Amino acid sequence: MRFSSACGGAARGDVLPMPSAELEFRSALESFRRGDHAVAERRLKAAAQVEPRHAGVLNLLGTLLASQERYGEAEPFLHAATKIPPVSAATLYNHGLALQNLGRPRDALAAFDK
């Protein structure tokens, strides 16, 4: 990713580091894919602190927590991700599943219908 010279005064064409939230997200995604969920969770929570409206971070964190049957913890992250356009079908589906597993079938149906 390249930033213009207006970002921090770098010379034209210099490659600047990505924002730390995106780096944490990418690293967390790799950890998640390897099955290292504890590391992924820590990195996603760190990224959410830096960029609380990063839909990818919120969706993956909610998905990770839901995969561990921690639906009560997952739902707020997934709900927040559904409020950040453009909303992916996967995010709506993940949110609906969390709601269903929390015993909220009407809310789950509403999430699936969006």
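Please read these numbers as outputs of a predicted model, since none were measured by experiment. Throughout, residues of each chain are indexed from 1 in the direction in which the sequence is written. Reporting in this predicted model follows two pLDDT cut-offs: at least 70 for local features of residues, and 80 or more for side-chain atom pairs to be given and counted; totals over whole chains, interfaces and linings ignore these cut-offs and use all residues. Only hydrogens and water are removed before side-chain values are computed, so all heavy atoms of the structure are retained for them.

Participant: Before we move on, can you summarise a nonpolar patch on the surface with the specific residues and values?
Facilitator: The patches described consist of residues with a relative accessible area above 30% and no salt bridge, like charges being joined within 9 Å and nonpolar side chains (Val, Leu, Ile, Met, Phe, Trp, Tyr) within 5 Å. Using the Shrake-Rupley algorithm and a 1.4 Å probe, accessible areas are obtained, with residue cover drawn only from the displayed protein chains. Salt bridge, as used here: a side-chain nitrogen of Lys or Arg that lies within 4 Å of a carboxyl oxygen of Asp or Glu. Taken together, the side chains of Tyr93, Leu97, Leu109 and Phe112 define a hydrophobic patch exposed on the protein surface, amounting to about 380 Å² of accessible area. Under the scheme used here, helices are H or I runs from DSSP no shorter than 4 residues and strands are E runs no shorter than 2 residues, and both carry numbers assigned from the N terminus. Contributions of two or more residues to the nonpolar patch are made by helix 5 (89-101) and helix 6 (105-113). The topology assignment puts Leu97 in helix 5. Each residue gets one of three labels from its accessible area relative to the maximum for its type: buried under 20%, exposed over 50%, partly exposed in between, using a 1.4 Å probe on protein chains only. The class of Leu97 is partly exposed, set by a relative accessible area of 33%.

Participant: How would you explain the packing of aromatic side chains if you had to name every residue and give the values?
Facilitator: Stacked, edge-to-face and tilted are the three classes for Phe, Tyr and Trp ring pairs, Trp counted by its six-membered ring, which pair at centre distances within 6.5 Å; planes under 30 degrees apart are stacked, over 60 edge-to-face, the rest tilted. Scanning all chains against the criterion turns up 1 aromatic pair. Here the aromatic rings of Tyr93 and Phe112 are separated by 5.8 Å at their centres, their planes lie at 40°, and the arrangement is tilted. Of this pair, Tyr93 sits in helix 5 while Phe112 sits in helix 6; the two residues are 19 residues apart in sequence, bridging distant segments of the chain. In this structure Tyr93 comes out as partly exposed when scored by relative accessible area, which is 48%. For Phe112, a relative accessible area of 36% gives the class partly exposed.

Participant: Lay out the pattern of salt bridges with the relevant residues and their values.
Facilitator: When the charged atoms of two side chains with opposite charge come close together, those side chains can pair. Enumeration over the complete set of coordinates arrives at 6 salt bridges. Residue Arg26 is joined to Glu22 by a salt bridge in which the shortest nitrogen-to-oxygen separation is 3.1 Å. A residue pair is termed a helical-turn pair when its members lie 3 or 4 positions apart in one helix, as Arg26 and Glu22 do in helix 1 (residues 20-34) at 4 residues. The exposure class assigned to Arg26 is partly exposed, which follows from its relative accessible area of 44%. We note a salt bridge from Arg70 to Glu41, for which the minimum N-O separation is 3.0 Å.

Honestly, that's just the spatial picture; any functional story needs more than this.
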